[in-house]
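Report on the structure
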Amino acid sequence: MKPAERLAFAERPERRFALAMAAPGVLVLIVTTTLPLLYLIWQSMHNINLAMPGMDRFMGLENYERMWGDERFWAAFGFTLIYTGSTVAMQLVIGLAMALLILRIPRAQWVFRIAAILPIVLAPVVVGLFWRSLMLTPDFGIVDFASRSLGLGSHNWLGDPVLARVSVIVIHTWQWTPFVFLYMLAAIAALPSDLFEAARIDRANAWRRFRYITLPLIRPAIIVVVILRMTVALSAFAAIYAATGGGPGTVTEIINLYAYRVSFAELSLGYGAAVAVVLLALTMLVAALLFRVRREA
Amino acid sequence: MKTTTEKSAAIDLPRRVAIKHAVALAGAPWVLRHAHAQSMDLGPYQNAKINWRQAEGQTVNVSCISAVYFDNLIALTPEFEALTGIKVRYDKVPPGQIRQKVVLDLSAKTANISTHAADPMYIPLYAANKWTEALEPYLNDSKLTDRAWFKPDDMVEAWRRANMIDGRTYGLPFMGETTIQTYRKDLYDAQGLKPAETFNEIIANAKALHNPAARMWGFCMRGMPGAGQNMYIYPSIFRAYGAKWFDAGGKIQVNSPEALAALEWYVMANNSYAPQAAQNWNWPDIADAFSQGTLASYIDGSSAAPVLTNPDRSKVIGKIGYARWPKGPSGNRVGSIWNWALPINAALPEKARHATWLFIQWACSEETQARTSFKWKGPNKRYDVNRISMWKNPDYLASISTAGHNFINATIDGMTLDSDVDWRPRVPQWPAIGETMAKILQSTLVGQIKPKQALDDAQIQVERIMRGS
């Protein structure tokens with residue numbers, strides 16, 4: 001027996017044991033995630049409409065063809081991209097800026113850390129309701145009061161098509177920027193200080209130190225945080241549902257909300273499943289792209 | 001010797017106390033129920049010539065919403081349990097989610113929900129899928145129902161008919177409401193205004209009192225999108241303009257000239273005289289604004305009266321008047337029909353279905369309606385009982401007389417004269433139609449799309465829904 005073979009032979013029972021130990025976990029995972037996913041895909045290829053009992057049938061890719069010509073789906077698709085892109089970009093810029101700023105405060109940083117946790121621990125549905133009723137109600141809300149006090153006038157923040165989009169983007173950004181802030185705070189605080197000292201001796205100014213030292217060093221952290229934020233933004237639901245319900249009309253309807261409405265309000269389970277499958281594919285695609293960028297980094 | 005006893009007593013004491021408590025705790029529900037049962041007056045129920053204990057030992061699972069009428073019912077449930085030996089478990093679900101939650105249970109046939117607070121507009125869907133039972137076999141079985149005692153025909157007819165498909169009953173109304181005008185009587189009197197009799201008078205009254213600079217808006221209707229929100233109020237206007245949901249050939253029709261005129265009126269009235277935020281308001285928001293004294297009049301359900309007369313929150317107590325829905329251009333007054341109905345899940349075994357029926361019979365009976373309303377000892381009375389005879393009962397009328405001027409007559413007229421069962425299209429596809437129309441109404445209200453274009457789009461979508469593709 002060659003040494004390598006001997007090693008493999010010795011490892012075999014161990015590997016078998018490892019498999020046996022992992023099996024229950026894997027099984028639970030298959031039952032709770034893989035099977036429902038396969039069922040979702042199976043459902044997306046059927047006509048299942050609870051309002052039309054007796055018309056259930058296999059229809060292959062017809063649901064997907066219908067989506068191709070469904071204006072409301074494409075509107076939701078478009079807004080999902082706008083929503084995800086803008087909220088993630090804003091979270092990143094504001095969160096990073098806050099982290100850089102607060103690291104320069106010599107004392108009481110903990111106050112900011114604790115304050116930052118508050119929005120994160122709130123349930124999104126509470127955030128949506130809180131913004132809808134306390135902050136944005138025309139004539140009564142705090143934001144509207146501020147706007148009137150500043151001479152900008154009262155606005156229908158969740159009723160006007162453009163303002164409603166801005167509002168739901170601001171709500172999501174408000175809730176999740178602190179997450180990016182805390183993540184960035186940790187990443188920057190862990191950077192070696194000698195590099196910055198050397199740069200200072202070389203008379204690099206603050207912008208250059210940020211651009212050529214901080215940014216490259218925290219790049220992996222930025223990519224991870226972007227992946228995390230993207231997947232959450234793509235699957236956002238509760239805050240929009242509570243604040244606008246996708247309205248006015250359908251302007252703040254993201255794909256997730258549309259899939260929910262098709263399935264549970266219109267009771268068209270087959271088509272709803274197809275919409276959900278597309279959202280799943282989109283999320284996986286974005287995540288895969290970003291992981292690739294990360295590996296190349 | 002003494003010391004030892006003392007010592008052992010000292011050690012034993014906590015244990016003894018603990019045992020005593022444990023016994024008390026274990027025995028408590030029985031003791032309480034027993035004591036309660038003795039103080040309960042079950043006589044009025046025992047007058048019914050049925051065996052209330054025929055489904056003893058069964059459990060009935062009820063899904064309902066959080067509201068005064070169900071809270072009072074829940075508090076009375078130990079009486080039902082003592083009467084029948086049936087256990088009742090309640091699950092409170094927010095009104096926005098109860099339909100979806102119930103549909104999941106019914107369609108999967110898991111039978112976790114024996115009966116629930118059902119939206120009458122979902123009855124066609126239930127019937128088409130045979131998810132819930134037709135109730136005639138229960139009503140007509142003398143072993144299960146004493147008709148002379150239960151008096152099913154005493155329940156408000158429009159509400160009963162709203163739960164019927166092809167002459168068969170799929171749910172009984174536990175409570176109900178109708179649409180009425182609510183207005184500030186003090187302001188109307190000061191200006192010599194009368195409650196509106198026509199749609200034009202609504203606008204004239206609103207104009208006379210509309211003064212947003214002084215935080216007073218003239219008139220308001222629901223703007224929030226939803227099958228039960230803006231599609232609660234628009235169908236009344238639609239029918240009052242003489243529009244019909246189905247043409248002579250039975251084809252659905254949402255873009256007739258009358259429908260367009262109705263939509264234009266809705267948009268004009270709300271955008272001219274309601275607070276801007278009302279584009280996203282549901283009835284609690286409207287009732288709040290009215291009770292804060294910022295609305296001169298509105299049209300919505302009669303069951304908001306408890307909000308308007310709540311001394312902790314309302315600033316307009318004693319200043320409220322009510323009137324019937326005004327006549328539309330077609331001469332019709334078309335109020336809504338709303339009730340929470342109780343159906344029986346068809347996926348239950350027979351014994352459990354019988355237990356569920358006994359529960360429904362108990363909840364909808366005159367005695368329970370009385371005990372949850374005017375005989376109720378607590379502060380929260382009901383304004384929404386299900387029986388015509390009760391709406392003539394002086395004790396009941398006295399208990400709701402605090403609602404304000406003319407509430408009782410306006411409500412009785414609303415539910416007996418102004419209710420139209422086909423106020424909304426009663427088809428299994430209603431959930432999809434309601435949602436689609438709701439979205440389109442709100443897009444029109446916020447000015448994203450013109451009314452004509454909106455209804456033409458709606459027509460295409462609604463036809464697609466009816467085809468099931």
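Residues numbered from 1 in each chain as written. Chains lettered and ligands numbered in written order. Predicted model: local features only at pLDDT ≥ 70, side-chain atom pairs only at ≥ 80, totals over all residues.

When you go through chain B residue by residue, the secondary structure sums to 20 helices and 10 strands. A globule of 469 residues ought to have a C-alpha radius of gyration of about 23 Å, and chain B, at 25 Å, matches this closely. Expressed along its principal axes, the backbone C-alpha trace of chain B runs to roughly 95 × 50 × 40 Å. Residue pairs in contact within chain B that sit at least 24 positions apart in sequence constitute 76% of those at least 6 positions apart. (Helix = DSSP H or I, 4+ residues; strand = E, 2+ residues; numbered from the N terminus. Rg over C-alpha atoms; globule rule 2.2 N^0.38 Å. Contact = placed C-beta atoms within 7 Å.)

Residues and elements named next belong to chain B. The three strands are arranged E2-E1-E3 in an open sheet whose pairing can be described as parallel. Since the sheet does not close on itself, it has two edges, and those belong to strand E2 (87-92) and strand E3 (115-116), each with one partner. Here strand E1 (residues 59-64) runs beside E3; their pairing, made up of two bridges, is parallel. Residue pairing across strands places serine 63 opposite histidine 116, the latter belonging to E3. Relative to the sheet, helix H3 (residues 68-84) contacts E1 and E2, its axis offset from that of E2 by approximately 165°. (Pairing = 2+ DSSP bridges. Axes fitted to C-alpha atoms, helices over the stretch in contact; angles between N-to-C directions.)

Residue A:Leu267 is not a glycine yet carries a positive backbone phi of 65°. Since 26 C-beta atoms lie within 10 Å of it, A:Leu267 is described here as buried. Residue B:Ala111 is not a glycine yet carries a positive backbone phi of 55°. Along the chain, B:Ala111 turns up in the loop between helix H4 (95-108) and E3. Residue B:Ala111 is classed as partly exposed on the basis of its 16 C-beta neighbours within 10 Å. (Buried ≥ 20, exposed ≤ 12 C-beta atoms within 10 Å, placed from the backbone.)

So, on to the interface of chain B and chain A. Facing 23 residues of chain B, the contacting portion of chain A comprises 25 residues. Taken together, the elements giving at least two residues each to the side of chain B that touches chain A come down to H4, helix H5 (123-129) and helix H19 (430-445) of chain B. With six residues, the top contributor of residues to the side of chain B that touches chain A is H19(B). By residue class, the composition of the side of chain B that touches chain A is 10 nonpolar, 11 polar and two charged. (Nonpolar A, V, L, I, M, F, W, Y, C, P; charged D, E, K, R; others polar.)

This brings us to the sheet that holds strand E7 (residues 179-184) of chain B. Residues and elements named next belong to chain B. Spatial ordering of the open sheet is given by E8-E7-E9, a layout of three strands whose pairing is antiparallel. Looking at strand neighbours, the two that pair on one side only are strand E8 (297-301) and strand E9 (320-323), the edges of this open sheet. Within this sheet the neighbouring strands show an average axis-to-axis angle of 30°, counted without direction. As paired elements, E7 and E9 share four bridges and run antiparallel to each other.

So, on to the domain arrangement of chain B. The figure often quoted for interface size is the accessible area lost as the parts come together. All names here are of chain B. The domains assigned to chain B are domain 1 (47-176 + 340-392) and domain 2 (179-336 + 404-467). Here the C-alpha centroids of domain 1 and domain 2 sit 29 Å apart. With 14 residues of domain 1 in contact, the opposing surface of domain 2 contributes 15 residues. Those elements giving two or more residues to the side of domain 1 that touches domain 2 turn out to be H5 and helix H8 (157-161). Ranked by residue count, the leading element in the side of domain 1 that touches domain 2 is H5, at three residues. (Domains from an automatic or database assignment.)

Our focus in this paragraph is the domain arrangement of chain A. All names here are of chain A. One can read the domain layout of chain A as domain 1 (3-44) and domain 2 (71-296). Measuring from the centre of the C-alpha atoms in domain 1 to the corresponding centre in domain 2 gives 36 Å. The interface is formed by four residues belonging to domain 1 together with six residues belonging to domain 2.

What follows covers the environment of A:Ala76. Residue and element names in this part refer to chain A. Within the secondary structure, alanine 76 sits in helix H3 (residues 71-103). Exposure remark for alanine 76: the 26 C-beta atoms within 10 Å place this residue in the buried category. Alanine 76 sits 174 residues away from threonine 250 along the chain, and the two C-alpha atoms are 7.9 Å apart. The contact partners of alanine 76, leaving out residues within four places of it in the chain, are Glu253, Ile254, Ile255 and Tyr258.

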